[in-house]
Amino acid sequence: MTVILGIESSCDDTSAAILKDGLVLSNVIASQKVHEAYGGVVPELASRAHQQNIIPVVSEAIKRAGIEVKDIDAVAFTRGPGLLGSLLVGTSFAKGFALANHLPMIEVNHLQAHILANFIKEPGVESRQPSFPFLTLLVSGGNSQLIVVHDYLKMEMIGQTIDDAAGEAFDKCAKVMGLPYPGGPIIDRLAKEGNPERFTFNKPQIPGLDYSFSGLKTSFLYFLRDELKNNPDFIQDNLNDLCASLQKTVIDILMSKLKKAAKQTGIKQIAIGGGVSANSALQKAVHDEAACSGWEVFIPRLGFSLDNAGMVAVTGYYKYLAGQFIGLDAAPFARTTLE
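- The name an unreviewed UniProt entry gives the chain is tRNA N6-adenosine threonylcarbamoyltransferase, with Odoribacter splanchnicus as the organism.
- Turning to the chain, the UniProt annotation filed under Sequence similarities (unreviewed entry) states: "Belongs to the KAE1 / TsaD family."

Spelled out as structure tokens, the structure:
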């Protein structure tokens, strides 16, 4: 029997999970509402909230799993990338918990964890897992990457954003329109009532498999600036169409490179992960292309697509089996890659 405690604190969600022999028994998440008033995550407020939340969240995860602390075999924690102050809270707690209970520690790359969320299993729940190799589109507030996954612990990044991420584009464009944070889910909801062909925005032409979203943000901002000069109520009068057109542009950019990567690699096992993978229009676009190209698609359920400790625990489980541990001198890092 192998029991892993997973801890996630890379941004503004404090989460803890218990995994037993490959099954996630509990996955507790404490979200932070304080950032809504600021239109984005405030790092100092995030780290303070993590300090308040981490002990009760871990305690609740252990309670829901029906285990005791003495049953835990290792502590897996997100080492990076993320907000340094937030990561410090999770890392420090993991060190203290491991030291007090004489447990080994396992560092987890946040990006790798999002990918391995596709291998999360729950008791009594049917699940599908991709076979190796598979191609992953990883899209979140901070990352937009294309990754070939050769094995649980062997991944190759073949494309990434050269500036902003897709989730960041959604959130910042939402803020320009006066929508609350986080803007991505709100744009998704409003877009369902809009015409995606109404407006046209810039689609950067980046060579290879890399992405760029800074030009789209600039195009969107300048478009609104010009229209507001003629009609101060332009945004409110056209909100649904703006959201639908913006969302279509972002998804067109993502899908063009995903289709290109699938063609170049010949891989038909396609997974999407990260917070933006919850976008309903992106999921539809992936499934529509799958019907045309013969893809087999894998998308973690919503609770495991967003930041959570279940994905940290499952990553920690495979690293535990491989004997990949780390010492108490481990420090978190704000930036890193999969390689």
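Having seen the model, we can carry on.
Some words on helix α5 (residues 183-191)
Logical step 1: Most of α5 is tucked away, with seven of its nine residues classed as buried.
Logical step 2: Those residues of α5 that sit buried are Gly 183, Gly 184, Ile 186, Ile 187, Asp 188, Leu 190 and Ala 191.
Logical step 3: For α5, the secondary structure elements touched by its buried residues are α4 (166-176), α8 (239-265) and α9 (280-293).

Let's talk about the layout of surface pockets
Logical step 1: If you add up the space inside the second largest pocket, you get close to 350 Å³.
Logical step 2: Of all elements in the fold, only α5, α8 and α9 reach the threshold of two or more residues within the lining of the second largest pocket.
Logical step 3: Partitioned by chemical class, the residues of the lining of the second largest pocket number eight nonpolar, three polar and seven charged.

A short note on the environment of Ile 62
Logical step 1: Secondary-structure assignment places Ile 62 in helix α1 (residues 43-65).
Logical step 2: Using a relative accessible area of 10% as the deciding quantity, one classes Ile 62 as buried.
Logical step 3: Between the alpha carbons of Ile 62 and Ala 16 there is a distance of 8.6 Å; along the sequence they are 46 residues apart.
Logical step 4: For Ile 62, the contacting residues outside a window of four places in its chain are Ile 18, Ile 67, Glu 68, Val 69 and Ile 72.

Notes on the domain arrangement of the chain
Logical step 1: Along its sequence, the chain is carved into domain 1 (3-120 + 303-322) and domain 2 (134-299).
Logical step 2: Between domain 1 and domain 2, the contact holds 19 residues from the first and 18 residues from the second.
Logical step 3: Taken over both partners, the interface formed by domain 1 and domain 2 buries close to 1600 Å², and the fraction arising from carbon and sulfur atoms is 72%.
Logical step 4: For domain 1, the biggest contributors to the area lost against domain 2 are Leu 111, Ile 115 and Asn 118; these three give 32% of the whole.
Logical step 5: There are zero salt bridges connecting domain 1 and domain 2.

Basis of the calculations
Residues numbered from 1 in each chain as written. Predicted model: local features only at pLDDT ≥ 70, side-chain atom pairs only at ≥ 80, totals over all residues. Heavy atoms only, no water. UniProt positions renumbered as here; feature names shortened; annotations may be inferred. Buried < 20%, exposed > 50% of the residue type's maximum accessible area, 1.4 Å probe, protein only. Helix = DSSP H or I, 4+ residues; strand = E, 2+ residues; numbered from the N terminus. Contact = heavy atoms within 4.5 Å. 1 Å grid on protein atoms, 1.4 Å probe; cavity = no way out; pocket = protein on both sides within 12 Å on 5 of 7 lines; lining within 4 Å. Points joined across faces, edges and corners; volume = space filled by probe spheres on them. Nonpolar A, V, L, I, M, F, W, Y, C, P; charged D, E, K, R; others polar. Domains from an automatic or database assignment. Buried area = accessible area lost by both parts, 1.4 Å probe. Salt bridge = Lys/Arg side-chain N within 4 Å of Asp/Glu carboxyl O.

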